[in-house]
Structures are given as C-alpha cells and as structure tokens.
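Results of the structural survey
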Amino acid sequence: MKNILYVFVAMFFLFTAFKSDKPAYSLYDKDGKPVKYEKMLKQFEDADIVLFGEYHDNPISHWLQLEVTKDIYEMKGKDLVLGAEMFESDNQVIMDEYLDSLISQSTFEKEMRLWPNYKTDYKPLVEFANKKQLKFVASNVPRRYASLVHKKGFEGLEELSDEAKQFIPPLPINYDADLECYKSMMTMGGMKAGPKSSNLPKAQAVKDATMSHFILKNWSEGQLFLHYHGAYHSANFESIYWYLKQQNPDLKIITIATVQQDDVTELTEENTGTADFTICVDEDMTKTR
C-alpha cells in the first residue's frame, strides 16, 4: 500500500512538472507534427543545401543557428560552407581577408556594412567560421542595386558596369510574378498598382536570385551549404528555394522556418507546411534589436 502511495505521489509531481513547463520553442516537421532536434539533424546528413529562415530579432533563431552550425560541422567538417543574407556580395573580399587573418577584427567590423544586431546575433557564426577556417559567403545583393531595381525595375541593372555586374546574377533575372511570395507583396499595406509598386517584389526577387546565385557559385557536390536569411526568403518553398531549383532541380534542399505563436505546444494550420522543419517560438520571447 505504501509503495502504491509513493507511485501516486511521484506521478502527481511528474504531472504537475509537465503541466507547469513553459517551453520557449517547439520544433515541428512539414506535417505539423512535433519532431526531435536529433531527427531534424539526421536529415541534414545527405542534404546539399540547408536554408535556415530566421526572424532577425529572435534570439531562439540565432541560438539554434549556432547550434545547428556546430552540429553540422561535426558531420561535415571542412565540407561545410556558410553564407548569409546579412552580408552583401561586394563585401566578400573583406570577409575573405578577415577569415584569412589578413585584417583585424576591428577593421573587418568597421569596413563591413554590418547589421545593428551583428555582435549579438551574427558575430558568433562568423567567429565559428573563423575558428574552423570555413568559407563564409556574403550572398546578398548590394542594397544599392536592390534600390535600383525598386526604382527602375530589372532594366536598371543593365545600366551597371561590367565590374558592378559581378555582384549580381547573370542578366536577365529570371522572375515569376505569380509566385505567392511576390504576388502577396502587391497587396501588402493596401498598395496601389503602379510602375514603382510593381517593382517592389522585383527588388525582393533580385535579393533571392542573388543569394541563390552565390550559394550555387560556392557549392560543389559533396559539400553542405548552410545559408542564414529571413524566413520570408525561403517560406513555402519559394524565393531562394525556387531560384535554386530553377538552376539545379536535383539539389536536395532542406528548409527551416521560424514562426511565432502565443502557444507553442501545437502548430497552427497557417504555420504548417511552410518548411521541412518549423521552429515555433513563444511570441513573448525577448527581441535582440
């Protein structure tokens, strides 16, 4: 009888412990089913490219990016290549000089056009690449060229010098206005139709196309390219994913998305199926900028 009482007491405390648990995030597969981190990691073993979609100001995204990077390095070693939206293609030489120990950290941080949250969120990734001597690709289009597309459309890129064109994909830029990621931008904020408004999704597309271009330019068979970017740039298997598949349909690409909910214990229908794996973060999570 005493033993049975002990069992009930233990079950009570176990139940209340689980009941009072407040997870900061939960991980789900493409079908919205809970999945263990280790199972997700297992899927990376045979991948060519992993597209990690973050929320730029979300500390859980950034912590998991670093953890995923470390764990993939344990699998792939020097066959791991890193790249990020947060660094622009015309700054690749500065990135390379830093990782090759030709310039100091202070010079690197002074001359790169770094995001405000670089030191808290992206510096750990760059420093990991530095420590392990990994290639880190500055994949995004220079922002002045995205602004040019917003102003003049893709035609504006034709006016660039041959030297400038090395920082963007070969012209003309492939573009599908019917992709939801671009079509939806036309209705955001009650936007009125017009030449400049129709260029807004094109300015987004030139970023996606450029990131895809430099991912493929720096990837070779047998390597795994891990790319960090805002979740919108690979959500619903569009954007960067679409451009990569246009160039090489045989690529094995795994996508990770970040979403926020007030309850992370069950993925909403709206957030299900947007990626191969979804990090669902409590919406009350603190911001990093």
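Residues numbered from 1 in each chain as written. Predicted model: local features only at pLDDT ≥ 70, side-chain atom pairs only at ≥ 80, totals over all residues. Heavy atoms only, no water.

Looking now at the sheet that holds strand β7 (residues 277-282). By way of backbone hydrogen bonds, the strands of a sheet pair with one another, either parallel or antiparallel. The sheet built from seven strands is open, its strands ordered β1-β7-β6-β2-β5-β3-β4 with mixed pairing. Each of the sheet's edge strands pairs with one partner strand only, and the pair in question is β1 (25-29) and β4 (136-140). Across the sheet, the mean angle separating the axes of adjacent strands is 20 degrees when strand polarity is ignored. Bridge count between strand β3 (residues 80-88) and β4: four bridges; the pairing is parallel. Along β4, the bridge assignment pairs Gly83 with Val137. (Pairing = 2+ DSSP bridges. Helix = DSSP H or I, 4+ residues; strand = E, 2+ residues; numbered from the N terminus. Axes fitted to C-alpha atoms, helices over the stretch in contact; angles between N-to-C directions.)

So, about the confidence of the model for the protein chain. The predicted model of the protein chain averages 91 in pLDDT, with 90% of residues at 70 or higher. Across residues 1-19, confidence stays below pLDDT 50; counting only partners more than four residues off in sequence or on other chains, it has zero contacts. (pLDDT = per-residue confidence, 0-100. Contact = heavy atoms within 4.5 Å.)

Our focus in this paragraph is empty space enclosed by the protein. Within this structure, the stated rule accounts for one cavity of 30 Å³ or more. Its volume calculated, the largest cavity comes out at about 30 Å³. What lines the largest cavity is simply Tyr25, Leu27, Tyr37, Met40, Phe52, Leu64, Val68 and Ile279. Elements with a contribution of two residues or more to the lining of the largest cavity: β1, α2 (37-43) and α3 (59-76). Of the residues assigned to the lining of the largest cavity, the class counts are eight nonpolar, no polar and no charged. (1 Å grid on protein atoms, 1.4 Å probe; cavity = no way out; pocket = protein on both sides within 12 Å on 5 of 7 lines; lining within 4 Å. Points joined across faces, edges and corners; volume = space filled by probe spheres on them. Nonpolar A, V, L, I, M, F, W, Y, C, P; charged D, E, K, R; others polar.)

Taken together, the side chains of Asp262, Asp263, Glu266, Glu283 and Asp284 present a region of like negative charge at the surface. Structurally, Asp263 can be placed in the loop between β6 (253-261) and β7. The class for Asp263 is partly exposed, based on a relative accessible area of 37%. (Patch = residues over 30% accessible without salt bridge, like charges linked within 9 Å, V, L, I, M, F, W, Y side chains within 5 Å. Areas by Shrake-Rupley, 256 points an atom, 1.4 Å probe, with all protein chains shown as cover. Salt bridge = Lys/Arg side-chain N within 4 Å of Asp/Glu carboxyl O. Lys, Arg positive; Asp, Glu negative; His and termini not counted. Charge placed at Lys NZ, Arg CZ, Asp CG, Glu CD. Buried < 20%, exposed > 50% of the residue type's maximum accessible area, 1.4 Å probe, protein only.)

Structurally, Leu171 can be placed in the loop between α8 (162-165) and α9 (180-183). Residue classification places Leu171 among the partly exposed residues on the basis of a relative accessible area of 27%. In the structure, Leu171 is positioned 16 residues away from Glu155 in sequence and 9.5 Å away in space, judged by C-alpha atoms. Setting aside its immediate chain neighbours within four residues, Leu171 contacts Leu157, Glu158 and Lys165.

This paragraph deals with the packing of aromatic side chains. The final tally for this structure, using the stated rule, is twelve aromatic pairs. Ring geometry for Tyr25 against Trp63: centres 6.2 Å apart, planes inclined by 70 degrees, an arrangement best described as edge-to-face. Here Trp63 lies in helix α3 and Tyr25 lies in strand β1, a separation of 38 residues in the sequence. Here Tyr25 falls in the partly exposed class, since its relative accessible area comes to 24%. (Phe/Tyr/Trp six-rings, centres within 6.5 Å; stacked < 30°, edge-to-face > 60°.)

On the secondary structure map, Gln166 appears in the loop between α8 and α9. Residues Gln166 and Ser89 lie 77 residues apart in sequence; the distance between their C-alpha atoms is 8.8 Å. Only 2.9 Å separates the side chain of Gln166 from the backbone oxygen of Glu163, close enough to count as a polar contact. (Polar contact = N/O pair within 3.5 Å; in protein donor to acceptor, adjacent residues only side chain to side chain.)

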